[in-house]
Amino acid sequence: MENNQKLTVSSSPHIRARTDTRSIMADVIISLMPALVVAIWVFGFSSLAVVLVSVVFCVFFEWGYRKIMKKPGSIGDLSAAVTGILLAFVLPSGIPLWVPVIGAFFSIIIVKQLFGGIGKNFLNPALAGRAFLLSWPVFMTTWAAPRNYAGVMNADGVTAATPMAILNAAKIPDYSLADMFLGTIGGSLGEVSALALIIGGIYLVIRKVISLRIPLSYIITVAALTLIFPKGGNNAFEWMAYSVLGGGLMLGAIFMATDYSTSPITAKGQIIYGVGCGLLTVVIRYFGAYPEGVCFSIMIMNICVWLIDKATGPGQFGVSKEDLKAKKDKAKEEKKRKKEEAAV
């Protein structure tokens, strides 16, 4: 061995990836652009205004909070911008612009920053913001009618029932499956086009930002349950197709449920998580008063992530189950002995 060789000891990680938080968030923003383009086409530029207001105030609240608390700035990682886009995507296109401002405050300050910032929140900020905004149910359930087939926007104030409201009444929507897939339907501005969301999801998979485990397990679970248990005596395959393409399922499965901070870290845990989201979505849609279940199902599973990780996490290397049981028994005996000594 040559004497001039060095052994450098440093802390992990020893292998550094080229990607960082900013590049991942940039990929997410890019992947959301097809859905934004469809939203502008279907609902007009009012949808773009909702997105811009949501993004600007999410970034502003994150900058302001960290400035006041004298913490390092974090708006450069683009996570606040992503939250702003996703929050806007789960709102009606014609909603008053002060509503996303309140949603942005709740998402960024209450859900994200008060728990330590990116990576430390246990709920998806955009979904939690949407849930909070249901405190204004009239604004959150007034849906603008989509563009008509001649390419002319409907008159201001014209509203239309969403496919999920029709499905909730155990009826098949008047929209064709092609309309559902392409996005010429009513609903939240970012969830109307399954095609646009799938394109964005494929981009994220190619860029290795997400894996298919959570989206597929989520969507397949909803498809299986609605196929086996069609509601209202409808054709099973038709009911399943409308249930999968309607509402926020695609948006939730691809962009919300896959959030790093609020989803399991193990492959097995991610599948369990996706199945749980799908099961809860169908249960809420079938038995709840609210026609959509994606938002609440994902947040409920967010709360269960610590348990899923604990149950599916790898064991200690070189330590068998018998060793762990013996260690646990020994700890119990020691605790019992100390309790007896204290009693004496």
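Look above for the structure.
Residues numbered from 1 in each chain as written. Predicted model: local features only at pLDDT ≥ 70, side-chain atom pairs only at ≥ 80, totals over all residues. Heavy atoms only, no water.

*Asks:* So what's going on with the environment of Ile102? Which residues, and what values?
*Replies:* Position of Ile102 among the secondary structure elements: in helix H4 (residues 98-112). For Ile102, a relative accessible area of 27% puts it in the partly exposed group. Taking C-alpha positions, Ile102 is 9.7 Å from Cys58, a pair spaced 44 residues apart along the chain. Beyond its immediate sequence surroundings of up to four residues, Ile102 is in contact with Phe132, Leu133 and Trp136. (Helix = DSSP H or I, 4+ residues; strand = E, 2+ residues; numbered from the N terminus. Buried < 20%, exposed > 50% of the residue type's maximum accessible area, 1.4 Å probe, protein only. Contact = heavy atoms within 4.5 Å.)

*Asks:* Run through the layout of surface pockets, naming residues and quoting values.
*Replies:* Any empty space left between the atoms is revealed when a probe the size of a water molecule rolls over them. The space that makes up the largest pocket amounts to roughly 470 Å³. Around the largest pocket sit 25 residues that line it, and Met25, Val82, Asp259, Tyr260 and Ser261 are the ones nearest its centre. Those elements giving two or more residues to the lining of the largest pocket turn out to be helix H1 (21-43), helix H3 (79-89), helix H5 (125-133) and helix H12 (249-256). Classifying every residue of the lining of the largest pocket gives 14 nonpolar, 8 polar and 3 charged. (1 Å grid on protein atoms, 1.4 Å probe; cavity = no way out; pocket = protein on both sides within 12 Å on 5 of 7 lines; lining within 4 Å. Points joined across faces, edges and corners; volume = space filled by probe spheres on them. Nonpolar A, V, L, I, M, F, W, Y, C, P; charged D, E, K, R; others polar.)

*Asks:* Hey, could you go over a nonpolar patch on the surface for me, with residue numbers and the actual values?
*Replies:* Together, Phe105, Ile110, Leu114, Phe115, Phe122 and Ile303 give the surface a local cluster of nonpolar side chains, amounting to about 550 Å² of exposed area. Under the relative-accessibility criterion, Phe105 is labelled partly exposed at 40%. (Patch = residues over 30% accessible without salt bridge, like charges linked within 9 Å, V, L, I, M, F, W, Y side chains within 5 Å. Areas by Shrake-Rupley, 256 points an atom, 1.4 Å probe, with all protein chains shown as cover. Salt bridge = Lys/Arg side-chain N within 4 Å of Asp/Glu carboxyl O.)

*Asks:* I'd like a rundown of helix H10 (residues 213-228), residues and numbers included.
*Replies:* The end-to-end C-alpha distance of H10, which contains 16 residues, comes to 22 Å, matching closely the 22 Å that a straight helix rising 1.5 Å per residue would cover. Residues of H10 that are buried make contact with helix H11 (236-245), H12, helix H13 (267-287) and helix H14 (294-312). (Expected span 1.5 Å × (residues − 1).)

*Asks:* Before we move on, can you summarise the nonpolar core with the specific residues and values?
*Replies:* Residues Phe89, Tyr218, Tyr273 and Ile298 are the most contacted members of the largest nonpolar core, which totals 86 residues. The element best represented in this core is H1, accounting for 12 residues. Excluding residues that lie within four positions of it along the chain, Tyr273 makes contacts with Ile214, Ala257, Thr262, Ser263, Pro264, Ile298, Met301, Asn302, Val305 and Ile308. (Core = buried A, V, L, I, M, F, W, Y, C linked by side-chain atoms within 4.5 Å.)

*Asks:* Tell me about the environment of Ser297, and please be specific about residues and values.
*Replies:* With respect to the helices and strands, the residue Ser297 is situated in helix H14. In sequence terms Ser297 and Leu280 are 17 residues apart; their C-alpha atoms lie 5.2 Å from each other. Setting aside its immediate chain neighbours within four residues, Ser297 contacts Tyr218, Cys277, Leu280, Thr281 and Ile284. Within the structure, Ser297 has its side chain in polar contact with the side chain of Thr281 (distance 2.8 Å). (Polar contact = N/O pair within 3.5 Å; in protein donor to acceptor, adjacent residues only side chain to side chain.)

*Asks:* Tell me about unusual backbone geometry, and please be specific about residues and values.
*Replies:* The phi angle of most residues is negative, glycine excepted, and most peptide bonds adopt the trans form. Phi is positive for Lys70, which is not a glycine, with a value near 55°. Relative to the elements of secondary structure, Lys70 occurs in the loop between helix H2 (46-68) and H3. The class of Lys70 is exposed, set by a relative accessible area of 77%. The residue Leu78 is not glycine, and still its phi comes out positive at about 70°.

*Asks:* Let's hear about the pattern of salt bridges: which residues, and what values?
*Replies:* On inspection of all chains with the given rule, the structure shows 3 salt bridges. A salt bridge links Glu292 to Arg285, with the nearest nitrogen and oxygen atoms 2.9 Å apart. Neither residue differs from the other here; Glu292 and Arg285 are each classed as buried.

*Asks:* Lay out the state of the cysteines with the relevant residues and their values.
*Replies:* Enumeration according to the criterion identifies 0 disulfides in this entry. Cys304 supplies the cysteine sulfur nearest to Cys277, a cysteine that is in no disulfide, at a spacing of 9.3 Å. We classify Cys277 as buried; its relative accessible area is 0%. (Disulfide = S-S within 2.5 Å.)

*Asks:* Which residues make up the packing of aromatic side chains, and what values go with them?
*Replies:* Across all of its chains, the model carries 12 aromatic pairs by this definition. When the ring of Phe57 is compared with that of Phe61, the centres are 5.9 Å apart and the planes differ by 45°; the resulting orientation is tilted. Note that Phe57 and Phe61 are positioned in helix H2 at a spacing of 4 residues, about one turn of the helix. Residue classification places Phe61 among the buried residues on the basis of a relative accessible area of 15%. Note on Phe60 and Trp63: the rings are 6.1 Å apart at their centroids and 35° apart in plane angle, and the pair reads as tilted. Here Phe60 pairs with Trp63, and both are found in helix H2, just 3 residues apart, close to one helical turn. Classification of Trp63 as partly exposed rests on a relative accessible area of 44%. These aromatic residues form a ring-pair network of at least three members: Phe57, Phe60, Phe61, Trp63 and Phe105. For Lys231, the ring lying beneath its charged end belongs to Tyr286, and the centroid distance is 5.5 Å. (Phe/Tyr/Trp six-rings, centres within 6.5 Å; stacked < 30°, edge-to-face > 60°. Lys NZ or Arg CZ within 6 Å of the ring centre and 35° of its normal.)

*Asks:* Give a detailed account of the packing of H3 against H4, specifying residues and quantitative values.
*Replies:* Packed helix pairs are specified by the crossing angle of their axes together with the interaxial distance, meaning the distance between the axes. Viewed as axis vectors pointing N to C, H3 and H4 meet at an angle of 135°, and their least axial separation amounts to 10 Å. Put simply, H3 runs oblique to H4. For the pair H3 and H4, the sense of crossing is right-handed. Contacts between H3 and H4 involve Ser79, Ala80, Thr83 and Leu87 from the former and Pro100, Gly103, Ala104, Ser107, Ile108 and Lys112 from the latter. For the contact of H3 with H4, the class distribution of residues is 5 nonpolar, 4 polar and 1 charged. (Axes fitted to C-alpha atoms, helices over the stretch in contact; angles between N-to-C directions. Parallel < 35°, antiparallel > 145°, perpendicular 65-115°, else oblique. Left-handed = near helix turned anticlockwise from the far one by under 90°.)

*Asks:* Tell me about the environment of Lys112, and name the residues and values.
*Replies:* You can see Lys112 is positioned in helix H4. Note: C-alpha distance between Lys112 and Pro125 (13 residues apart in sequence) is 6.3 Å. Leaving out residues up to four positions away in the same chain, Lys112 has contacts with Glu62, Ser79, Ala80, Ser107, Gly117, Ile118, Asn121 and Pro125.

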